[in-house]
Amino acid sequence: MFINFWYPVALAKDITADKPTRAQVFGLPFVVFRDQSGEARVLADTCVHRGGSLSKGLIKNGNAVCPYHGWEFGGDGKCSKVPSLGEVTKIPARAKVDAYPVQEKYGIVFAFLGDEPESTRVPLLNVEEYGQPCWVANEVLVREVPYYYERSIENGIDPAHNEF
């Protein structure tokens, strides 16, 4: 996977504050959800405690909740609650999952997959005409293809492969 780029992870209309959504980008699993303020969030889809899939859990108070032991993770990836510890125990700082910068544009939730600082990140392409009265757009089509992504990109760049 090429890191330090913005990748589409979900259609904005499909992401709610009611339930998490699983996204897979280049074979890597992510969980996408909306926090209490309605902001889209993207986290790694593997709980650091016992490896539960956060996308198979639920959303509670704007947090992704692991279905295995109920650990709650905020949009920043930090664990905010460990039910078995009770209310008075401090949560260890290392209890966190990877969280990714997110932008919603053009009806799509994009995540920046990488470690580039915000000051040097490449921006999302700005389509000035988007949303203007003269703008005409097709509905976004999401298509899962059963190929390794590098082969798909290679064949798109070099169409001589297609007929063979």
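Computed from a predicted structure; not experimentally measured. (Residues numbered from 1 in each chain as written. Predicted model: local features only at pLDDT ≥ 70, side-chain atom pairs only at ≥ 80, totals over all residues. Heavy atoms only, no water.)

Undergrad: Can you tell me about the sheet that holds strand β8 (residues 79-81), naming the residues and giving the values?
TA: As a general point, the strands of a sheet are linked pairwise by backbone hydrogen bonds and lie either parallel or antiparallel. Spatially, β5-β6-β7-β8 is the arrangement adopted by the four strands of the open sheet, whose pairing is antiparallel. The open sheet has two edge strands, β5 (58-60) and β8, and neither has a second partner. For β5 and strand β6 (residues 63-65), the ladder comprises three bridges, and the chain directions are antiparallel. Residue pairing for β6: leucine 58 is matched across the bridge by valine 65. (Pairing = 2+ DSSP bridges. Helix = DSSP H or I, 4+ residues; strand = E, 2+ residues; numbered from the N terminus.)

Undergrad: How would you sum up unusual backbone geometry? Please name residues and give values.
TA: In the Ramachandran plot, phenylalanine 26 falls in the positive-phi region, its phi being about 50 degrees despite a non-glycine side chain. Along the chain, phenylalanine 26 turns up in the loop between β2 (21-25) and β3 (28-34). Classification of phenylalanine 26 by relative accessible area gives partly exposed; the value is 28%. Phi at asparagine 61 takes a positive value of approximately 55 degrees, unusual for a residue other than glycine. Given the relative accessible area of 51%, asparagine 61 is considered exposed. (Buried < 20%, exposed > 50% of the residue type's maximum accessible area, 1.4 Å probe, protein only.)

Undergrad: Describe the sheet that holds strand β11 (residues 108-113), and please don't skip the residues or the numbers.
TA: The sheet built from three strands is open, its strands ordered β1-β11-β10 with antiparallel pairing. Two strands bound the open sheet, and with one partner strand each, they are β1 (5-11) and β10 (102-105). The average undirected angle you get between the axes of adjacent strands in this sheet is 30 degrees. Relative to β11, β1 is paired through six bridges, and the arrangement is antiparallel. Pairing of phenylalanine 5 across the sheet is with leucine 113, part of β11. (Axes fitted to C-alpha atoms, helices over the stretch in contact; angles between N-to-C directions.)

Undergrad: Can you explain the pairing of β11? Please cite residues and give values.
TA: Burial runs high along β11: six of the six residues are buried. Burial along β11 is two-sided: the face carrying Ile108, Phe110 and Phe112 and the face carrying Val109, Ala111 and Leu113 are both buried. Examined bridge by bridge, β10 and β11 share four bridges and lie antiparallel to one another. Within β11, the residue paired with glutamine 103 across the bridge is phenylalanine 110.

Function cannot be inferred from these measures alone, as they are strictly geometric.
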